[in-house]
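These are the residues of each chain, in order.
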Amino acid sequence: MTLLEERRRHVDSRLTALRAALTSGDVDLEGKARVYVTGSFGRSEASSHNLDLFIVGLTEEDGAGNSRRPFSAIDEALLKADLI
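Anyway, here's the lowdown on the structure attached to this text.

Parameters and conventions
Residues numbered from 1 in each chain as written. Predicted model: local features only at pLDDT ≥ 70, side-chain atom pairs only at ≥ 80, totals over all residues. Heavy atoms only, no water. Helix = DSSP H or I, 4+ residues; strand = E, 2+ residues; numbered from the N terminus. Rg over C-alpha atoms; globule rule 2.2 N^0.38 Å. Buried < 20%, exposed > 50% of the residue type's maximum accessible area, 1.4 Å probe, protein only. Patch = residues over 30% accessible without salt bridge, like charges linked within 9 Å, V, L, I, M, F, W, Y side chains within 5 Å. Areas by Shrake-Rupley, 256 points an atom, 1.4 Å probe, with all protein chains shown as cover. Salt bridge = Lys/Arg side-chain N within 4 Å of Asp/Glu carboxyl O. Contact = heavy atoms within 4.5 Å. Expected span 1.5 Å × (residues − 1). Arc of directions from axis to C-beta.

1. Considering the overall build of the chain
Line of reasoning, step 1. Counting its regular elements, the chain contains three helices and four strands.
Line of reasoning, step 2. Walking the chain from its N terminus toward its C terminus, one meets helices and strands in the order α-β-α-β-β-β-α.
Line of reasoning, step 3. Radius of gyration (C-alpha) of the chain: 16 Å, far over the 12 Å computed for a compact globule of 84 residues.
Line of reasoning, step 4. Over its C-alpha atoms, taken along the principal directions, the chain stretches across nearly 60 × 25 × 15 Å.
Line of reasoning, step 5. Per-residue burial for the chain yields a buried fraction of 20% across its 84 residues.

This is how it looks when you write it as structure tokens:
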């Protein structure tokens with residue numbers, strides 16, 4: 001197996017674990033945030049010590065045109081800590 005194949009297997013395994021963590025019921029991101037992987041991780045070329053991950057909180061508007069973030073900055077920080 002080549003180094004790239006090993007890394008792709010590693011990334012696939014790590015993404016599966018991340019998806020499971022994000023959909024386990026402990027964290028409900030539905031409509032609150034999006035998670036993006038980028039860089040070598042997004043290309044499935046990451047080493048075992050690499051994770052390029054962004055969590056972007058979404059905003060929602062109420063009927064009066066006011067926007068709010070349903071997923072607070074502290075929630076984002078706690079989620080990142082849990083995933084790492």
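2. Observations regarding a nonpolar patch on the surface
Line of reasoning, step 1. On the surface, Tyr 36, Phe 54 and Val 56 cluster together to form a nonpolar patch covering roughly 300 Å² of accessible area.
Line of reasoning, step 2. As for its placement among the helices and strands, Phe 54 is situated in strand β2 (residues 53-57).

3. What about the pattern of salt bridges?
Line of reasoning, step 1. Inspection of every chain in the model, using the stated rule, returns one salt bridge.
Line of reasoning, step 2. The closest approach of N and O atoms between Arg 43 and Glu 45, which form a salt bridge, is 3.1 Å.

4. Brief notes about the side chain of Ser 40
Line of reasoning, step 1. With respect to the secondary-structure elements, Ser 40 resides in helix α2 (residues 39-42).
Line of reasoning, step 2. Discounting residues that sit within four places of it in the chain, Ser 40 has contacts with Glu 45, Ala 46, Asn 50 and Asp 52.

5. A closer look at helix α1 (residues 3-22)
Line of reasoning, step 1. With 20 residues, α1 should cover 28 Å at 1.5 Å per step; its first-to-last C-alpha distance of 28 Å lies within 8% of that length.
Line of reasoning, step 2. All buried positions along α1 are accounted for by Val 11, Leu 15, Leu 18 and Leu 22. Projected down its long axis, α1 carries its buried residues within an arc of 65°, all on one side. Opposite the packed face of α1, turned more than 90 degrees from it, sit the exposed residues Arg 9 and Thr 16.

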